[in-house]
Amino acid sequence: MLYIVSTPIGNLKDMTFRAVEVLKSVDLIASEDTRHTGILLKHFGIQTPQTSYFEHSRNNKEEYLIGLLKEGKSVALVSDAGTPAISDPGYRLVRAAREQGIEVTAVPGACAAVVALSLSGFPTDRFVFEGFLPQKSSGRVRRLTELKSEERTIVLYESPHRLVKALGDIAEVLGNPHVMVGRELTKKFEEVRQGDARSVSEHFMSRKPKGEVVILISQREELFHQD
Ligand code: SAM
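Since the structure is predicted, the reported quantities are computational estimates derived from the model, not experimental observations. For every chain, the first residue of the written sequence is number 1, and numbering continues from 1 onward in sequence order. Two thresholds apply to this predicted model, a pLDDT of at least 70 for residue-level local features and 80 or more for giving and counting side-chain atom pairs, whereas whole-chain, interface and lining totals are computed over all residues. Each side-chain value is derived from all of the structure's non-hydrogen atoms; neither hydrogens nor water enter the calculation.

Peer 1: Provide a residue-level description of the layout of surface pockets, including the pertinent values.
Peer 2: In this structure, the largest pocket encloses a volume near 500 Å³. Both site types are read off a 1 Å grid over the protein atoms alone. A 1.4 Å probe that fits but cannot get out defines a cavity, while an open set with protein on both sides within 12 Å along at least five of seven lines defines a pocket; lining residues have an atom within 4 Å of a point. What lines the largest pocket is a set of 25 residues, among which Ala 81, Ala 112, Phe 132, Tyr 157 and Glu 212 lie closest to the centre. A run of DSSP states H or I qualifies as a helix once it reaches four residues; a run of E qualifies as a strand once it reaches two. Both are numbered from the N-terminal end. Residue assignment for the lining of the largest pocket shows that the elements contributing at least two residues are strand E7 (153–158), strand E8 (178–183) and strand E10 (213–218). Here the residues of the lining of the largest pocket are counted per class, giving eleven nonpolar, six polar and eight charged. Grid points are joined across faces, edges and corners, and a volume is the space filled by probe spheres set on the points. Three classes are used: nonpolar for Ala, Val, Leu, Ile, Met, Phe, Trp, Tyr, Cys and Pro, charged for Asp, Glu, Lys and Arg, and polar for all others, with Gly counted as polar.

Peer 1: So what's going on with helix H7 (residues 163–174)? Which residues, and what values?
Peer 2: Under the 1.5 Å per step criterion, the end-to-end length of H7 is 16 Å for twelve residues, consistent within 8% with the ideal 16 Å. Residue exposure (1.4 Å probe, protein chains only): buried if accessible area is under 20% of the type maximum, exposed if over 50%, otherwise partly exposed. Inspection of H7 places Leu 163, Ala 166, Leu 167, Asp 169, Ile 170, Ala 171, Val 173 and Leu 174 among the buried residues, and these make up the whole buried set. Residue contacts follow a heavy-atom distance rule, with two residues in contact if any of their heavy atoms lie within 4.5 Å. Where H7 is buried, its residues contact helix H6 (137–146), E7, E8, helix H8 (197–206) and E10. Positive backbone phi, approximately 75°, marks Gly 175, located one or two places after H7. Expected span of a helix: the number of residues minus one, times 1.5 Å.

Peer 1: Before we move on, could you go through the packing of H7 against H8 and cite the residues and values that matter?
Peer 2: Convention adopted: a line fitted to C-alpha atoms gives each axis, helices being fitted over their contacting stretch, and angles between N-to-C directions are expressed from 0 to 180 degrees. Across the interface, H7 lies against H8 with an axial gap of 9 Å and an inter-helix angle of 160°. Judged on the interaxial angle alone, H8 and H7 are roughly antiparallel. The element H7 and its partner H8 pack so that their crossing is left-handed. Across the interface between the two elements, Leu 163, Val 164, Leu 167, Ile 170, Ala 171 and Glu 172 of H7 pack against Ala 197, Arg 198, Val 200, Ser 201, Phe 204 and Met 205 of H8. Its residues assigned to classes, the contact of H7 with H8 shows nine nonpolar, one polar and two charged. In what follows, roughly perpendicular refers to angles from 65 to 115 degrees, roughly parallel to angles under 35, roughly antiparallel to angles over 145, and oblique to any angle outside these ranges. Note on convention: near helix rotated counterclockwise from far helix by under a right angle means a left-handed crossing. Clockwise means right-handed.

Peer 1: Before we move on, can you summarise the side chain of Arg 183 with the specific residues and values?
Peer 2: Residue placement: Arg 183 occurs in strand E8. Exposure remark for Arg 183: the relative accessible area of 11% places this residue in the buried category. Counted as a polar contact is a pair of N or O atoms within 3.5 Å, where, for protein atoms, one must be capable of donating a hydrogen and the other of accepting one, and residues adjacent in sequence contribute only when both atoms are in side chains. Of note is the side chain of Arg 183, whose polar atom sits 2.6 Å from the backbone oxygen of Lys 210. Among all residues touching Arg 183, those that are not within four sequence positions of it are Phe 189, Glu 190, Glu 191, Phe 204, Pro 209, Lys 210, Glu 212 and Val 213.

Peer 1: I'd like to hear about the sheet that holds E8, residue by residue, with values.
Peer 2: Each pair of strands is called paired provided DSSP finds at least two bridges between the two strands. Read from one edge to the other, the open sheet built from five strands follows the order E6-E7-E10-E8-E9, with strand pairing classed as mixed. Looking at which strands have only one partner, the edges of the open sheet turn out to be strand E6 (127–132) and strand E9 (191–196). Strand-to-strand, the axes of this sheet are offset by a mean angle of 15°, without reference to chain direction. In terms of strand pairing, E6 meets E7 through five bridges, oriented parallel. Its bridge partner being in E7, Phe 127 is matched across the sheet by Thr 153. Helix-sheet contacts for H8 involve E8 and E9, and the interaxial angle to E9 is about 140°.

Peer 1: Which residues make up the environment of Thr 153, and what values go with them?
Peer 2: In this fold, Thr 153 is placed in strand E7. Judged by relative accessible area, Thr 153 falls into the buried class, the value being 1%. For the pair Thr 153 and Ser 199, spaced 46 residues apart in sequence, the C-alpha separation works out to 19 Å. Setting aside its immediate chain neighbours within four residues, Thr 153 contacts Leu 117, Phe 122, Pro 123, Arg 126, Phe 127, Val 128, Leu 216 and Ile 217.

Written out as structure tokens, the structure is:
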């Protein structure tokens, strides 16, 4: 059995009982970064051996893990934070396992995109996950142009040092829509800032953002201006 085990996105208390139980019981934990996951395992007294799945030799690792699973061993896939296979290469292992008829099950938990949506007050009946925008401005502008008539709430992951530039491009291309930035969600210095893209960008220009961020965009302006 391959277990897809979600781990906290910052607050260790968000670990689920089932995640601890499964990580204790499997034969091997395939981690994004063994040192990072090592801290989590130590905190919960989990002594299961780890192997790095996300390293350069991923194809070989995939074969190795599928081999173990076919022998009847149990493996848990974890990422650095949140739900594995969401915006990380874990999905390849899941696909390989399914192709081999190996049973796959999920141990759900935190996911930054869903946490941001749930505390936003933005419409969530329909949303679209766009992951990370391209790093270069030209690529970002191209991607954003494709989203011009998107009415669903748009969810983006971004690195803190590209946040201001990304918000600038969002304002420019999408006509200064309503946005939310969720920073350091579930952590001690959690910050949730909403407003038009330019004003949120100005805020983060004067206070350089640290930590991890999610951006939400809504182009349904009528919802935010009901005077
Ligand atoms: N699989 C993860 C999940 O379930 O959320 C996401 C992995 S993705 C490689 C990492 C990105 O998630 C970060 O760059 C950031 O955009 C977002 N993220 C993760 N933890 C976060 C947090 N505590 N607060 C805000 N954003 C976070």
